[in-house]
Amino acid sequence: MKQVRPRSADLGGLHLATAGSGSGHGWLGYSGEMQTRFAELLTDMYNETLNAVNERDAEFASTDLPAETRTRLIHSLDSWSFEPHKLPDEEVLACAMMLFEALFRIEHMQSSVGLSLKDQIYPLIHHLRRIYRWENTYHNFEHALDVLQCSYTFLRSAGMVPPVSILLDEDPERTWISQRKPDSGPLVTCLGMKELFIVYIAAIGHDVAHPGFTNLFMRNAETPLSMVYDGKSALEQMHCSLLLRVMRHYGLGPLLEDSCGTGNGCNQSVRKLLSETVLATDMSVHADFMKNFKTLVNDGKTQSAGEAKEEESQLWRKQVLLCQGIMKCADISNPFRPYHVSQHWAAALMGEWTSQAMLEKYMNLPCTNSCSDDPLSEANGQVFFINTFAKPLLQLMVEAVPELQPHLDQCQDNLQLWQSRQVDLKSSLETVETSNSVSQPADFDPVSSSTSLTSTTSPSLRRRRDDYLTAFPLALPK
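Per-chain numbering applies: the sequence of each chain, read as written, is numbered from 1 onward. Note on the predicted model: pLDDT of at least 70 is required for a residue's local features to be given, and 80 or more for side-chain atom pairs to be given and counted; whole-chain, interface and lining totals, by contrast, use all residues. Hydrogens are left out, water is left out, and the side-chain values use all remaining heavy atoms of the structure.

## Some thoughts on the overall build of the protein
(1) Moving on: Under the scheme used here, helices are H or I runs from DSSP no shorter than 4 residues and strands are E runs no shorter than 2 residues, and both carry numbers assigned from the N terminus. Within the protein, the secondary structure is distributed over 21 helices and two strands.
(2) Moving on: For the protein, the proportion of its 478 residues judged to be buried stands at 50%.
(3) Moving on: In what follows, residue pairs with any heavy atoms lying within 4.5 Å of each other are defined as contacts. Taking the contacts inside the protein whose residues are at least 6 apart along the sequence as the reference set, 76% of them involve residues at least 24 apart.
(4) Moving on: Under the convention used here, a 1.4 Å probe and the Shrake-Rupley method define accessible areas, while residue burial counts only the protein chains that appear. With an accessible surface of roughly 22100 Å², the protein has 51% of that area assigned to carbon and sulfur atoms. Exposure categories follow from relative accessible area, calculated using a 1.4 Å probe and restricted to protein chains: below 20% of the type maximum is buried, above 50% is exposed, and the middle band is partly exposed.

## Concerning the packing of aromatic side chains
(1) Moving on: Side-chain rings of Phe, Tyr and Trp, where Trp is taken by its six-membered ring, are said to pair if the distance between their centres is within 6.5 Å; with planes under 30 degrees apart they count as stacked, over 60 as edge-to-face, and otherwise as tilted. Tallying each qualifying case throughout the model produces 12 aromatic pairs.
(2) Moving on: Ring plane angle 75° and centroid distance 5.7 Å describe the contact between Tyr-132 and Phe-141, whose orientation is recorded as edge-to-face.
(3) Moving on: Tyr-132 gets classed as buried once you look at its relative accessible area, which sits at 5%.
(4) Moving on: Of the residues examined, Phe-141 reaches a relative accessible area of 4% and is grouped as buried.
(5) Moving on: Geometrically, the ring pair formed by Phe-384 and Phe-389 is edge-to-face, given 6.3 Å between the ring centres and 80° between the ring planes.

## Structural notes on the nonpolar core
(1) Moving on: What makes a nonpolar core is a set of buried Ala, Val, Leu, Ile, Met, Phe, Trp, Tyr and Cys residues whose side-chain atoms join them at distances within 4.5 Å. Counting residues in hydrophobic clusters, the biggest one holds 136 residues, and the most contacted among them are Phe-100, Leu-103, Phe-197, Leu-274 and Phe-293.
(2) Moving on: If near-sequence neighbours (up to four positions away) are discounted, Leu-103 is found in contact with Met-109, Val-161, Leu-196, Phe-197 and Tyr-200.

## Section: the environment of Pro-375
(1) Moving on: With respect to the helices, strands and loops of the structure, Pro-375 is situated in helix α18 (residues 375-400).
(2) Moving on: Sequence separation between Pro-375 and Gln-422 is 47 residues, and the spatial gap between their C-alpha atoms is 8.6 Å.
(3) Moving on: With near-sequence residues (within four places) excluded, Pro-375 lies in contact with Arg-421 and Leu-425.

## Focus on the packing of helix α7 (residues 141-157) against helix α16 (residues 315-331)
(1) Moving on: In this description, a line fitted to the C-alpha atoms serves as the axis of each element, helices being fitted only across the stretch in contact, and the angle between N-to-C directions of two axes falls anywhere from 0 to 180 degrees. Packing of α7 against α16 leaves a shortest axis separation of 8 Å and a crossing angle of 130°. Accordingly, the angle class assigned to the pair α7 and α16 is oblique. For the pair α7 and α16, the sense of crossing is right-handed. Here His-143, Val-147, Cys-150, Ser-151, Phe-154 and Leu-155 of α7 come into contact with α16, specifically with Ile-326, Met-327, Cys-329, Ala-330 and Asp-331.
(2) Moving on: Residues of the contact of α7 with α16, tallied by class, amount to eight nonpolar, two polar and one charged. An angle below 35 degrees is read as roughly parallel, one above 145 as roughly antiparallel, one from 65 to 115 as roughly perpendicular, and any other as oblique. Left-handed is the label given to a crossing in which the near helix is rotated counterclockwise from the far helix by less than a right angle, and right-handed is the label when the rotation is clockwise. Amino acids are sorted into nonpolar (Ala, Val, Leu, Ile, Met, Phe, Trp, Tyr, Cys and Pro), charged (Asp, Glu, Lys and Arg) and polar (every other residue, Gly among them).

## Concerning the pattern of salt bridges
(1) Moving on: Each salt bridge in this description consists of a side-chain nitrogen of Lys or Arg and a carboxyl oxygen of Asp or Glu lying within 4 Å of one another. A full pass over the atoms with the stated rule returns 17 salt bridges.
(2) Moving on: As a salt-bridge pair, Glu-135 and Arg-133 come within 3.7 Å of each other at their nearest N and O atoms.
(3) Moving on: Among the residues examined, Glu-135 registers a relative accessible area of 28% and is labelled partly exposed.
(4) Moving on: Classification of Arg-133 by relative accessible area gives buried; the value is 6%.
(5) Moving on: Residue Glu-257 pairs with Arg-248 through a salt bridge whose shortest N-O separation is 2.8 Å.
(6) Moving on: With a relative accessible area of 19%, Arg-248 lands in the buried category.

## Describing the packing of α16 against α18
(1) Moving on: Relative to each other, α16 and α18 sit at 140°, their axes nearing to 10 Å. By the criterion of interaxial angle, the relationship of α16 to α18 is oblique. Note that α16 runs across α18; the crossing there is left-handed. From α16, Leu-322, Gly-325, Ile-326, Lys-328 and Cys-329 reach across to α18, where they touch Leu-393, Leu-394 and Met-397.
(2) Moving on: Among the residues forming the contact of α16 with α18, the class breakdown is six nonpolar, one polar and one charged.

## Here's the deal with the confidence of the model for the protein
(1) Moving on: A residue's pLDDT is simply how confident the predictor is in it, with values from 0 to 100. Of the residues in the protein, 80% reach a pLDDT of 70 or more, and the chain-wide mean stands at 84.
(2) Moving on: Throughout residues 1-18 the model reports pLDDT below 50, and contacts reaching past four residues in sequence, or to other chains, amount to 33 contacts.
(3) Moving on: Note on residues 443-459: pLDDT under 50 across the span, and 11 contacts to partners over four residues away in sequence or across chains.

## Overview of the side chain of Asn-136
(1) Moving on: Note on placement: Asn-136 falls in the loop between α6 (117-131) and α7.
(2) Moving on: For Asn-136, a relative accessible area of 4% corresponds to the buried category.
(3) Moving on: Identification of polar contacts relies on pairs of N or O atoms within 3.5 Å, with a donor-acceptor requirement for protein atoms, meaning one able to donate a hydrogen and the other able to accept it, and with residues adjacent in sequence counted only if both atoms are side-chain atoms. Engagement of the side chain of Asn-136 in a polar contact is seen with the side chain of Arg-133, the distance being 2.7 Å.
(4) Moving on: Residues contacting Asn-136, with those up to four places away along its chain left out, are His-210, Pro-211, Gly-212 and Glu-352.

## Structural notes on unusual backbone geometry
(1) Moving on: One non-glycine residue, Glu-222, lies in the positive phi region at around 55°.
(2) Moving on: Summarising the element assignment, Glu-222 is placed in the loop between α9 (215-221) and α10 (224-228).
(3) Moving on: One non-glycine residue with positive phi stands out, namely Asp-230, at about 55°.
(4) Moving on: If you trace the backbone, Asp-230 turns up in the loop between α10 and α11 (234-249).
(5) Moving on: Look at Asp-230 and you get exposed, because its relative accessible area is 57%.

## A short note on α16
(1) Moving on: Multiplying 1.5 Å by the residue count of a helix minus one yields the expected span of that helix. The terminal C-alpha atoms of α16, which comprises 17 residues, lie 24 Å apart, in line with the 24 Å expected from a rise of 1.5 Å per residue.
(2) Moving on: Taken across its 17 residues, α16 has 16 buried, putting it largely inside the fold.

## Some remarks on the side chain of Gln-149
(1) Moving on: With respect to the helices, strands and loops of the structure, Gln-149 is situated in helix α7.
(2) Moving on: There is a polar contact of 2.8 Å between the side chain of Gln-149 and the backbone oxygen of Leu-77.
(3) Moving on: Those residues in contact with Gln-149 that sit more than four places away from it in its chain are Ser-76, Leu-77, Ser-79, Trp-80, Phe-82, Leu-99 and Arg-337.

## Section: helix α17 (residues 339-362)
(1) Moving on: Along its 24 residues, α17 runs 35 Å from first to last C-alpha, staying within 8% of the 34 Å computed at 1.5 Å per residue.
(2) Moving on: Two residues or fewer past α17, Asn-364 is found with a positive phi of approximately 55°.

## Focus: the environment of Gly-185
(1) Moving on: Note that Gly-185 resides in the loop between α7 and α8 (193-205).
(2) Moving on: Sequence separation of Gly-185 and Gly-300 is 115 residues, and the distance between their C-alpha atoms is 8.5 Å.

Below, the structure is given as structure tokens:
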């Protein structure tokens, strides 16, 4: 007779199974009893994460770029008008590697993190790129590179990392030393070698395996991934899990379990800083971050440099919030870019949201994103997003890192351009509607006449649905 399975299960064994490299630090962080279904979901998460890493593993073969191509890319990486979406695949990958190559020109950086560029970092980046979904119009490897280049630009502006143009130096062994002394008062100086490295790693891996739809969609669709994390930052938790597993795959486990900083009394692990940084990219925790970062900035205004140095217990708090702030600003940096660059990313995101809206219609789920890619919707969305999220965030970051002021100025210029476009498009639409009201018959039904996205059986909807079949399995509705 078949035995009835118990309703709960001891997860001690599962906890050990998910622990990284035998270090005892897995996803769960504890052992105990859970509902059997949840335990099975965690097992599925472990297996699918392992599969996602192993199935996309491929031997990395380094190729040398022609000298003129390398020089062109170095100059483009030092430009705020950087456009990775216009580059061929091999150059996108090369740009990511060159940003790390320049980072490793910081004196003692390589010895601080204990890693090899050629044997560990380059293969890791290549592997991450294979896990990102090329089908996504926005959350793809080009976006990851964009976030990395933006993070680099912020840190370069603050004098914390060298310009990529250091790679043009005739002496390949030339190193760079920041003129800013560690933890010397300005908030940005709380970042040491390991913290700078983690900002770069978080940037290139923060959206790995993104399925192309949102946490809210997955919660409404009751996907296994959302259930695993109880609907809380499910995507970001997945990104962390995959990123950590790929890092361990290339021997970065010892660094992850190492302590942040050197000799400053900080006992928090590098892994925890990385996780906290990536998880902050979930916009559902944005309000909490703004509150906490504002408190940090205000505290800094009331302390002298000497008082700040005496409070070593606050170093971890400063490092976490600053890494989170840099990552959040870089993640939503398209409103800070020159307008023509900003337009591309706005259109790419709108395309991804439209695809999700079509899938929601197909599955009869609540529509959580605009399902229209018309120019007015795009302009409305940008004006709302800049006023509500991007501009207030960057304003707060400028209080902490004044060197970012030029990017805030660009954001304000872009806002004015989007607002002007918004007014022009509304005026054009009103003119068309007035003209149509005169020429259309009285019984004209604009809803039934529309060919937009109302049919749940159209070939376009089926195609869009099938496009998602390559996504991380637990992110898909059952």
